[in-house]
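Okay, here's what each chain looks like letter by letter:
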Amino acid sequence: MATIKIKQIGSPIRRPESQRQILIGLGLNKMHKVVTRQDTPEVRGAIAKIPHLVTVVD
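Criteria and cut-off values
Residues numbered from 1 in each chain as written. Predicted model: local features only at pLDDT ≥ 70, side-chain atom pairs only at ≥ 80, totals over all residues. Heavy atoms only, no water. Salt bridge = Lys/Arg side-chain N within 4 Å of Asp/Glu carboxyl O. Buried < 20%, exposed > 50% of the residue type's maximum accessible area, 1.4 Å probe, protein only. Pairing = 2+ DSSP bridges. Helix = DSSP H or I, 4+ residues; strand = E, 2+ residues; numbered from the N terminus. Axes fitted to C-alpha atoms, helices over the stretch in contact; angles between N-to-C directions. Contact = heavy atoms within 4.5 Å.

Student: Break down the pattern of salt bridges for me, citing the residues and quoting the values.
Tutor: Pairing of side chains with opposite charge becomes possible as their charged atoms draw close. Applying the stated criterion across every chain yields a total of one salt bridge. In this structure, Arg44 engages Asp39 in a salt bridge whose closest nitrogen and oxygen atoms are separated by 2.8 Å. Note on Arg44: relative accessible area 40%, which makes it partly exposed.

Encoded structure:
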């Protein structure tokens, strides 16, 4: 199965609690951290909810 790399580009400070929980669920907690996740609809949906905080890296 394909994987994607997700990089945190925004700070969760002064963001709603739901957006913070999405970051934690993706395994992100610090600026510029990169994690590798399976490319599933659930992960894509989480990324779509916080496009201002994360980016997909090649």
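Student: Tell me what's going on with the sheet that holds strand S3 (residues 54-57), and back it up with residues and numbers.
Tutor: Read from one edge to the other, the open sheet built from three strands follows the order S2-S1-S3, with strand pairing classed as antiparallel. Single-partner strands in this sheet number two, and they are strand S2 (34-38) and S3. The mean angle between the axes of side-by-side strands here comes to 35°, regardless of whether they run parallel or antiparallel. Inspection of the sheet shows strand S1 (residues 3-8) paired to S2 by five bridges, in the antiparallel sense. The residue of S2 that forms the bridge with Ile4 is Arg37. Sitting on the sheet, helix H2 (residues 41-49) is in contact with S1, S2 and S3, with an inclination near 25° to S1.

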